[in-house]
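Notes for the structure review
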Amino acid sequence: MRFLSGILAATLFASPAFAQCGGGFNSFVNGLKSEAVQKGFDQSTVDGFFKGVQQDGAVLRADRAQGVFQKPFVDFSRRLISQNRIDRGASMSRKYDAVFDRIEREYGVSRGVLLAFWAFETDYGAVQGDFNTRNALVTLAHDCRRPELFRPQIFAAIELYSQGNFDPARTTGAWAGEIGMVQMLPRDILENGVDGDGDGKVSLKTSAPDALMSGGKMLSHLGWRPGEPWLQEVIVPAKMDWSLSGPGKPRQVSEWQAMGVQARNGSLANLSASLILPQGHKGPAFLAYPNFDVYFEWNQSFVYVLTAAYFGTRLEGAQIYDAGNPPQGLNAAQMKQLQTKLQARGHDVGKIDGILGARTRAAVQSEQARLGLPADAWPTVDLLNRL
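This write-up is about the structure you can find in this document.

The rules behind the values
- Residues numbered from 1 in each chain as written.
- Predicted model: local features only at pLDDT ≥ 70, side-chain atom pairs only at ≥ 80, totals over all residues.
- Heavy atoms only, no water.
- Helix = DSSP H or I, 4+ residues; strand = E, 2+ residues; numbered from the N terminus.
- Buried < 20%, exposed > 50% of the residue type's maximum accessible area, 1.4 Å probe, protein only.
- Polar contact = N/O pair within 3.5 Å; in protein donor to acceptor, adjacent residues only side chain to side chain.
- Contact = heavy atoms within 4.5 Å.
- Expected span 1.5 Å × (residues − 1).
- 1 Å grid on protein atoms, 1.4 Å probe; cavity = no way out; pocket = protein on both sides within 12 Å on 5 of 7 lines; lining within 4 Å.
- Points joined across faces, edges and corners; volume = space filled by probe spheres on them.
- Nonpolar A, V, L, I, M, F, W, Y, C, P; charged D, E, K, R; others polar.

Once that is clear, we can look at the side chain of His-142. Take His-142: it is sitting in helix H9 (residues 133-142). According to the relative accessible area criterion, His-142 is buried, its value standing at 11%. At a separation of 2.7 Å, a polar atom in the side chain of His-142 contacts the main-chain carbonyl oxygen of Gly-23. Within the local environment of His-142, its side chain forms a polar contact with the side chain of Gln-55, the two groups lying 3.4 Å apart. Apart from the residues within four sequence positions on either side, His-142 is in contact with Cys-21, Gly-22, Gly-23, Gly-24, Phe-25, Phe-28 and Gln-55.

Written out as structure tokens, the structure is:
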């Protein structure tokens, strides 16, 4: 895959002066065409790319129906991590051993990390999605939920088309516009696509070496620290200041050890880390090292990220986590009720969606501390009633 030309690279991802989203679909597409020409694409390329473009209602329905992320970590991880995925991961690790060795040498990314993404995203390439990618991207850019994410991907796809690496009518993938075995968006492919099998092409849909090498390069580009761990299961003491726990609250591992946090197996790394308690201090516990933060550049869902990171460790020999005995959590309706109450108390929880995301966790932790409860960010019926 060739690099972007200098002029195009400078303008391809610039903030557009055209309508960002909404309005009539045909008018919106015409705006995209005009903007593409302004960015330096010739008219015939633009017309060829948009020929036959359609709004896809199935994409919008998929975008609004992500109820699986409402599940707590234990339920979610047990749903995604099957014995078949573990066995196939071991088989794929052996089959592409040389590729994984090369990725580790060049990008410092351990094989378990990519195997886990490969498993979760497409079942090791078996289920890559059958949504028309061009239509999905234009539909999501037209929709006003996240145009800032999807609009730039359209122009990246046009660039891929101009290179002969994207067929607007036939390229398919996930509903959110990702392509290939590890599901990469067009802009990521432009920036990180790698010809891993040496055939002169970057074929993320059909070549496992291309997909895996590209995924490794992307993680490196996102800030992966070579050779460092990303997640490790730990045992926590019966009592400690639980408000210190949570993503984005790193402390030196020696400080956690002084509080009584211990590795469940092996030894802890001499790094900074955050203490992650996905279902409170009586549930599973992990130390998340700096590389864990890179996962959020791949996916924004806390429960998905933690599950993918944990599965990566399982694929490299870690034992099944200790689920502990956490108190009963909230169902989706109760979670929405909780978010509404938190919002009424002045907390920014984002959208009232029934999902225990980062902002809801922070708000829960704040209210737990105010009420004198263990501030471990795990909402319970007791907390809901107290609010």
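And the narrative resumes.
Attention shifts here to helix H12 (residues 208-221). Relative to the 20 Å expected for 14 residues at 1.5 Å per residue, H12 spans 20 Å between its end C-alpha atoms, a close match to the ideal helical length. Most of H12 is tucked away: 11 of the 14 residues are buried. Buried residues of H12: Ala-208, Pro-209, Asp-210, Ala-211, Leu-212, Met-213, Ser-214, Gly-215, Gly-216, Met-218 and Leu-219, and no others. Against the buried residues of H12 lie helix H7 (97-107), helix H8 (111-122), helix H11 (186-192) and helix H14 (292-298).

Attention now goes to the environment of Ser-274. Locating Ser-274 in the fold gives a position in strand S6 (residues 272-276). The spatial distance from the C-alpha of Ser-274 to the C-alpha of Asn-30 is 47 Å, given a sequence separation of 244 residues. Filtering out sequence-adjacent residues up to four positions away, Ser-274 remains in contact with Gly-246, Pro-247, Gly-248, Lys-249, Pro-250, Trp-256, Phe-286, Leu-287 and Ala-288. A polar atom in the side chain of Ser-274 sits 3.1 Å from the backbone nitrogen of Lys-249.

Further remarks concern the layout of surface pockets. Approximately 380 Å³ is the volume attributed to the second largest pocket. Trp-230, Leu-231, Gln-232, Thr-313 and Ala-318 are the residues nearest the centre of the second largest pocket, which is lined by 21 residues in total. Counting residues per element, the ones that place at least two in the lining of the second largest pocket are strand S3 (231-235) and helix H15 (302-314). Per-element accounting of the lining of the second largest pocket gives the leading share, 3 residues, to S3. Of the residues in the lining of the second largest pocket, the class split is 8 nonpolar, 8 polar and 5 charged.

With that settled, consider unusual backbone geometry. Positive phi, normally seen in glycine, also occurs at Gln-183, with a value near 55°. A residue is classified by how much of its surface remains accessible, and Gln-183, at 7% relative accessible area, is buried.

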